[in-house]
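For reference, the chains in residue letters:
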Amino acid sequence: MTGRVEGKVAFITGAARGQGRSHAVKLAQEGADIIVVDVCKQLDGVTIPMSTPDDLAETVALVEATGRRIIAVEADVRDLETMQAVVDDGVAQLGRLDIVVANAGLASDGDAMDKMSEQTWRDMIDVNMTGVWMTTRVSVPHIVAGGRGGSIVLTSSIGGLRAVPNIGHYAAAKHGVIGIMRSLAMELGDKSIRVNAICPTNVATPMLLNEPTFRMFRPDLENPTVDDFIPVAQMFHVLPIAWVEPEDISNAVLFLASDDARYITGVALPVDGGMMLK
């Protein structure tokens, strides 16, 4: 089956690499034109390497290779004015807005809640939760104005459904995303705008596969590697996997964005290899 979002326009945040890039390419392959943003710089206090302008340029090239149009802007999801300008301009150029994927997020050093710095907490909440709200805030009026309904998909996490030690700021933000999703689903249902959340397990992206993550999960080792991390990651799942691939999440996003899910709203969908069973 192809063309499941043919002729539609999707706005995707955090699309320079990882899951966001995969979502952009998948939706473009299925017929959508794309508006994307990513911060494309290292944020103060975040030790895990973040996206770059070159990453965003690669996303543009991959989408253009599908034959679809793409508008890409370096923007911070915490900047409401800039986000509004990006979406307004994108809709002016592409003519409509049907799909929103609020995917942008960051990972940061973990710590116990009673030891975490204020800046670490604020950065996580501001990007991973408030940034999701801002994304919907600037997008919803355009979908409503189109009068055709639409689909909004928010990236939460298994960490939005259960407790996760030493990354309580991340769990709090991702729980908040599910609250945003449920509220929006109630508010927008009469306009045929569906709102759902994806709750991934570990995903093989730079946010997961990095030295700080390896050290967090293998504090018993001085210099843990990905091979040291794999056995621990496998223990989280019922299926015999350590993580899923970005495309596995994109397949779920495509389903929720398409008419195949036309009566699904208010759902927090795990893509978790059975993690929630443990």
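Here is a short report on the structure shown in this document. This is a predicted model, so every value here is computed, not measured.

1. What to know about the nonpolar core
Ranked by internal contacts, the top residues of the largest apolar core, which has 47 residues, are Phe11, Leu97, Ile152, Leu154 and Val195. Of all the secondary structure elements, the ones that give two or more residues to this core are strand E1 (9-13), strand E2 (33-38), helix H3 (80-94), strand E4 (99-102), helix H4 (118-146), strand E5 (150-155), helix H5 (168-188) and strand E6 (193-200). Of all the elements, H5 adds the most residues to this core, at 9 residues. Excluding anything up to four places from it in sequence, Leu97 contacts Val9, Ala10, Phe11, Val87, Val91, Ser139, His142, Ile143 and Arg148. Core analysis: the next-biggest nonpolar cluster, separate from the first, contains 31 residues, Ala24, Ile99, Val203 and Ala257 among them.

2. Observations regarding the packing of aromatic side chains
Per the counting criterion, the structure on display carries 4 aromatic pairs. Seen in terms of ring centroids, Phe217 and Phe229 are 5.5 Å apart; in terms of plane orientation they differ by 45 degrees. Their pairing is tilted. Of this pair, Phe217 sits in helix H6 (residues 211-217) while Phe229 is found in helix H7 (residues 226-235), placing the two residues 12 residues apart along the sequence. For the pair Phe229 and Trp243, a centre-to-centre distance of 6.2 Å together with 20 degrees between the ring planes defines the contact as stacked. Here Phe229 is found in helix H7, whereas its partner Trp243 is found in the loop between H7 and helix H8 (246-257), with 14 residues between them in sequence. Judged by relative accessible area, Phe229 falls into the buried class, the value being 0%. Members of the aromatic cluster, joined through ring pairs, are Phe214, Phe217, Phe229, Phe236 and Trp243.

3. What about the packing of helix H1 (residues 18-29) against helix H2 (residues 53-64)?
When two helices pack together, you describe them by how their axes are tilted relative to each other and by the distance separating the axes. It is the contact of H1 with H2, at a shortest axis distance of 9 Å, that shows an interaxial angle of 15 degrees. Taken as axis vectors, H1 and H2 run roughly parallel relative to one another. Considering how the two elements wind past one another, H1 and H2 form a crossing that is right-handed. In contact with Arg21, Ala24, Val25 and Ala28 of H1, H2 contributes Asp55, Glu58, Thr59, Leu62 and Val63. Residues belonging to the contact of H1 with H2 are distributed by class as follows: 5 nonpolar, 1 polar and 3 charged.

4. Side note on the pattern of salt bridges
Applying the stated rule across the entire model yields 16 salt bridges. Where Asp259 meets Lys8, a salt bridge forms, and the shortest distance between an N and an O atom there is 3.8 Å. Placement of the pair is Asp259 in the loop between H8 and strand E7 (268-271) and Lys8 in the segment before E1, with a sequence separation of 251 residues. The exposure class of Asp259 is exposed, given its relative accessible area of 53%. Since its relative accessible area comes to 18%, Lys8 is described here as buried. A salt bridge links Glu118 to Arg122; the nearest nitrogen and oxygen atoms lie 2.7 Å apart. With a gap of 4 residues between them, Glu118 and Arg122 both fall in helix H4, about one helical turn apart. Residue class for Arg122 comes out partly exposed when judged on its relative accessible area of 46%. Taken together, the shared-partner salt bridges in this structure form one network comprising Glu6, Asp33, Arg68 and Arg69.

5. Observations regarding the environment of Thr155
Within the secondary structure, Thr155 is located in strand E5. For Thr155, the contacting residues outside a window of four places in its chain are Gln19, Ala102, Asn103, Lys174, Val177 and Ile198. Separated by 3.4 Å, the side chains of Thr155 and Asn103 make a polar contact.

6. Considering the side chain of His169
Along the chain, His169 turns up in helix H5. A polar contact is formed between the side chain of His169 and the side chain of Ser108, at a distance of 2.8 Å. Once residues within four sequence positions are removed from consideration, His169 is found in contact with Ser108, Asp109, Met113, Met116, Thr120, Trp121, Met124 and Ile125.

Cut-off values and rules
Residues numbered from 1 in each chain as written. Predicted model: local features only at pLDDT ≥ 70, side-chain atom pairs only at ≥ 80, totals over all residues. Heavy atoms only, no water. Core = buried A, V, L, I, M, F, W, Y, C linked by side-chain atoms within 4.5 Å. Buried < 20%, exposed > 50% of the residue type's maximum accessible area, 1.4 Å probe, protein only. Helix = DSSP H or I, 4+ residues; strand = E, 2+ residues; numbered from the N terminus. Contact = heavy atoms within 4.5 Å. Phe/Tyr/Trp six-rings, centres within 6.5 Å; stacked < 30°, edge-to-face > 60°. Axes fitted to C-alpha atoms, helices over the stretch in contact; angles between N-to-C directions. Parallel < 35°, antiparallel > 145°, perpendicular 65-115°, else oblique. Left-handed = near helix turned anticlockwise from the far one by under 90°. Nonpolar A, V, L, I, M, F, W, Y, C, P; charged D, E, K, R; others polar. Salt bridge = Lys/Arg side-chain N within 4 Å of Asp/Glu carboxyl O. Polar contact = N/O pair within 3.5 Å; in protein donor to acceptor, adjacent residues only side chain to side chain.

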